[in-house]
Amino acid sequence: MGIFVNPPRVDMRLLVSKAVTLTTSWGFPITIGPRVVQMIAAGQVQPERIITGRVTMADAIARGFDTLARPDQDHLKVLIAVAA
């Protein structure tokens, strides 16, 4: 999880000895963030089109993450409102 500057080291023997299940997912290169911001600023990308839900910080788990994890849901991006 997170963004790695260097390739992470994983001791597979430790995972096996602890019976840990390792699940991975594909992410985006670290260089894509600034490019996306530039595209938004230039009007080439309209991020509001992919926002399908908004929740408060108090509801972030139940109405945000848990909702996105359900196979029957139709949300794409749920924004979490963080109070200043």
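Residues numbered from 1 in each chain as written. Predicted model: local features only at pLDDT ≥ 70, side-chain atom pairs only at ≥ 80, totals over all residues. Heavy atoms only, no water.

Participant: I'm lost on the environment of Thr 52 in this one. Help?
Facilitator: Relative to the helices and strands, Thr 52 is located in strand β1 (residues 51–56). With relative accessibility at 36%, the residue Thr 52 sits in the partly exposed group. The spatial distance from the C-alpha of Thr 52 to the C-alpha of His 75 is 5.4 Å, given a sequence separation of 23 residues. Sequence-distant contacts of Thr 52, defined by excluding residues within four places in its chain, comprise His 75, Leu 76 and Lys 77. (Helix = DSSP H or I, 4+ residues; strand = E, 2+ residues; numbered from the N terminus. Buried < 20%, exposed > 50% of the residue type's maximum accessible area, 1.4 Å probe, protein only. Contact = heavy atoms within 4.5 Å.)

Participant: Before we go on, may I ask you to explain helix α2 (residues 32–41) in this structure?
Facilitator: A turn of α-helix holds 3.6 residues, and therefore any two residues three or four places apart point the same way. Here α2 lies mainly on the outside; zero of its ten residues are buried. Gly 43 occupies a position one or two residues after α2 and carries a positive phi of about 80°.

Participant: Whenever I open this one, the pattern of salt bridges confuses me. Can you help?
Facilitator: If the charged atoms of two oppositely charged side chains come close together, the side chains can form a pair. Taken as a whole and assessed by the stated rule, the structure comprises three salt bridges. Arg 13 is the salt-bridge partner of Asp 11, the closest N and O atoms lying 3.5 Å from each other. Here Arg 70 makes a salt bridge to Asp 72, at a shortest N to O gap of 3.0 Å. By relative accessible area, Arg 70 is classed as partly exposed at 41%. Of the residues examined, Asp 72 reaches a relative accessible area of 60% and is grouped as exposed. (Salt bridge = Lys/Arg side-chain N within 4 Å of Asp/Glu carboxyl O.)

Participant: Even after reading the chapter, I still don't get the environment of Thr 67, so can you show me in this structure?
Facilitator: Tracing the chain through its elements places Thr 67 in helix α3 (residues 60–69). With eleven residues separating them along the chain, Thr 67 and Val 78 place their C-alpha atoms 9.1 Å apart. When near neighbours in sequence (up to four residues on either side) are disregarded, Thr 67 contacts Ala 62, Gln 73 and His 75.

Participant: I keep staring at the pairing of strand β2 (residues 77–81) and nothing clicks. Help me out?
Facilitator: The side chains of a regular strand alternate, first on one face of the sheet and then on the other. In terms of strand pairing, β1 meets β2 through five bridges, oriented parallel. Bridging from a neighbouring strand, Ile 51 pairs with Lys 77 of β2. Between the parallel pair β1 and β2, the chain is carried across by α3, and the sense of this crossover is right-handed. (Pairing = 2+ DSSP bridges. Right-handed = clockwise from strand over helix to strand, strands pointing away.)

Participant: Sorry, what's going on with a nonpolar patch on the surface here?
Facilitator: A surface patch of nonpolar side chains, amounting to about 500 Å² of accessible area, comprises Met 57, Ile 61, Phe 65, Ile 80 and Val 82. Tracing the backbone through its elements, the reader meets Met 57 in the loop between β1 and α3. (Patch = residues over 30% accessible without salt bridge, like charges linked within 9 Å, V, L, I, M, F, W, Y side chains within 5 Å. Areas by Shrake-Rupley, 256 points an atom, 1.4 Å probe, with all protein chains shown as cover.)

Participant: When you look at unusual backbone geometry in this model, what are you seeing that I'm missing?
Facilitator: What you tend to see is this: most non-glycine residues have negative phi, and most peptide bonds are trans. Of note in the backbone geometry, Ala 19 takes a positive phi value of approximately 55° without being a glycine. Mapped onto the secondary structure, Ala 19 falls in the loop between α1 (12–17) and α2.

Participant: Just checking my understanding: could you explain α3 for this structure?
Facilitator: The set of residues buried in α3 consists of Ala 60, Gly 64 and Thr 67. Along α3, the residues classed as buried sweep out an arc of 125° about the axis, all on the same side. α3 presents Ile 61, Ala 62 and Ala 69 as exposed residues on the side facing more than 90 degrees away from its buried surface. (Arc of directions from axis to C-beta.)

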